[in-house]
Amino acid sequence: MLNRRFSRRKALAGLGAIPVLGAAGIAKLAGLPSLDGAGPATAAEGSGHAKGGHLTSGSGHAGFAQGRETVDPKVNGFDPGQIVRDFDMGRTSRLPGGRTLREWDLVAVDKEIEVAPGVKFAAWTYNGRVPGPTLRAREGELLRVHFSNEGAHPHTIHFHGIHRDVMDGVPGVGEEVGGGLIEPGERFTYEFDASPFGFHHYHCHTSPLASHIHKGLYGAFIVDPKQGRPPADEVVLVQNGFDTNFDFGNEVYAVNTVAFHYLYRPIKVKRGELVRIYLLNILEFDQINSFHVHGNFFHRYPAGTSLEPVAFVDTIMQGQGERDVLELRFPYTGRYMFHAHKSEFAELGWMGFFEVVA
Ligand SMILES: [Cu+2]
């Protein structure tokens, strides 16, 4: 039975010393029966994460059924383990004069996804995934995004960047050229310059905005500087959350959609190698989000619009829509947590590991 009075804060208050809610806990919080149907399970033997880490919580660890630590990628049709390094370069051609034209096709489709083991969410997606594809271009190119709305509701694509109003993806603006609100079955092509270089994003801008965004209509958008950035192992982390019981608050938090995914499937990086993180906060309903990495510090480039960092820190806060390029090298091998330093979000799914190998 759904219990919509069961708030996340009450749940966390009741956890006492239990550091992590876990998949079964999230299922309960989301108003679903626990995975084993018999209340909180005990920590699965050999689940890996409980050994040698500070997550060890003994019998208090809300359970992870064997093989259900994370969502089977086949269920969603996308895998956070791949999304993290999946850059969609689109297709390119030469315009008269030699300038590069870069194009993508984005389709809005309604799709049920699983955001934690056993926790379903009726998402609205771009191209069937949440977040949508990470679009990547180079400064100065001409970009065209061919949008087709195959969902049941009107949508738009609003890009962050410098462009004309009719290409802004806002209802009521650009309707005269076929833009503005894009009704189900309609299509529109957004065209604009790749400017400025940096780390941006895109999202639906239809009212009610919070609903259209948090349902899953958002994605990362990278404009590389003309001269490029130094070679690095690059990863994209989109901080998001899901209101699974329609109370205008999130029950599940994550990066790249699936709660705790990188806790069980750490992001592997090499010792000493430059790691560049494209970190976006698209979280709805909460005022802030945050990022902290263990055992290390990073250089911060707000919105990636400068090649000079503004800070060397180990924790940052981001408001909604805020994003940063972060650069770091891990001097030691081992497993290093990264998570929201808003503890509540971490315990509801927003935590993972970098696994540093030689
Ligand atoms: Cu929408």
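Residues numbered from 1 in each chain as written. Predicted model: local features only at pLDDT ≥ 70, side-chain atom pairs only at ≥ 80, totals over all residues. Heavy atoms only, no water.

Draft legend 1. The coordination of the copper ion, seen in detail. In this structure, His155 (ND1), Cys204 (SG) and His212 (ND1) serve as the protein donors to the copper ion, at separations of 2.0 to 2.1 Å. Written as a sequence motif, the donor arrangement for the copper ion is H-x48-C-x7-H. Of this pair, His155 sits in the loop between strand 6 (142-149) and strand 7 (158-159) while Cys204 sits in the loop between strand 9 (198-203) and helix 5 (209-214), and the two are 49 residues apart along the sequence. Residue His155 shares its accessibility class with Cys204, and that shared class is buried. (Donors = N, O, S within 2.8 Å, 3.2 Å for Na, K, Ca; no water. Helix = DSSP H or I, 4+ residues; strand = E, 2+ residues; numbered from the N terminus. Buried < 20%, exposed > 50% of the residue type's maximum accessible area, 1.4 Å probe, protein only.)

Draft legend 2. A look at the sheet that holds strand 15 (residues 289-293). One open sheet accounts for five strands, arranged 13-21-20-15-18; its pairing is mixed. In this open sheet, the two edge strands, each paired with only one partner strand, are strand 13 (267-270) and strand 18 (315-318). For this sheet, the mean angle separating the axes of adjacent strands, direction not counted, is 25°. (Pairing = 2+ DSSP bridges. Axes fitted to C-alpha atoms, helices over the stretch in contact; angles between N-to-C directions.)

Draft legend 3. The arrangement of the environment of Glu234 in detail. Its place among the elements puts Glu234 in strand 11 (residues 233-242). Taking relative accessible area as the criterion, Glu234 reaches 13% and is therefore assigned buried. For the pair formed by Glu234 and Arg276, sequence separation is 42 residues and the distance between their alpha carbons is 4.7 Å. Setting aside its immediate chain neighbours within four residues, Glu234 contacts Val84, Arg85, Phe87, Arg136, Arg276 and Tyr278. Engagement of the side chain of Glu234 in a polar contact is seen with the side chain of Tyr278, the distance being 2.9 Å. (Contact = heavy atoms within 4.5 Å. Polar contact = N/O pair within 3.5 Å; in protein donor to acceptor, adjacent residues only side chain to side chain.)

Draft legend 4. Representation of the sheet that holds strand 10 (residues 218-224) in the model. In space, the five strands of this open sheet follow the order 1-5-10-9-7, with mixed pairing throughout. Both outer strands of the open sheet, strand 1 (87-88) and strand 7, are each paired with one neighbouring strand and no more. Relative to strand 9, strand 7 runs antiparallel, the two sharing two bridges. Bridge pairing in strand 9 places Phe159 opposite Tyr202.

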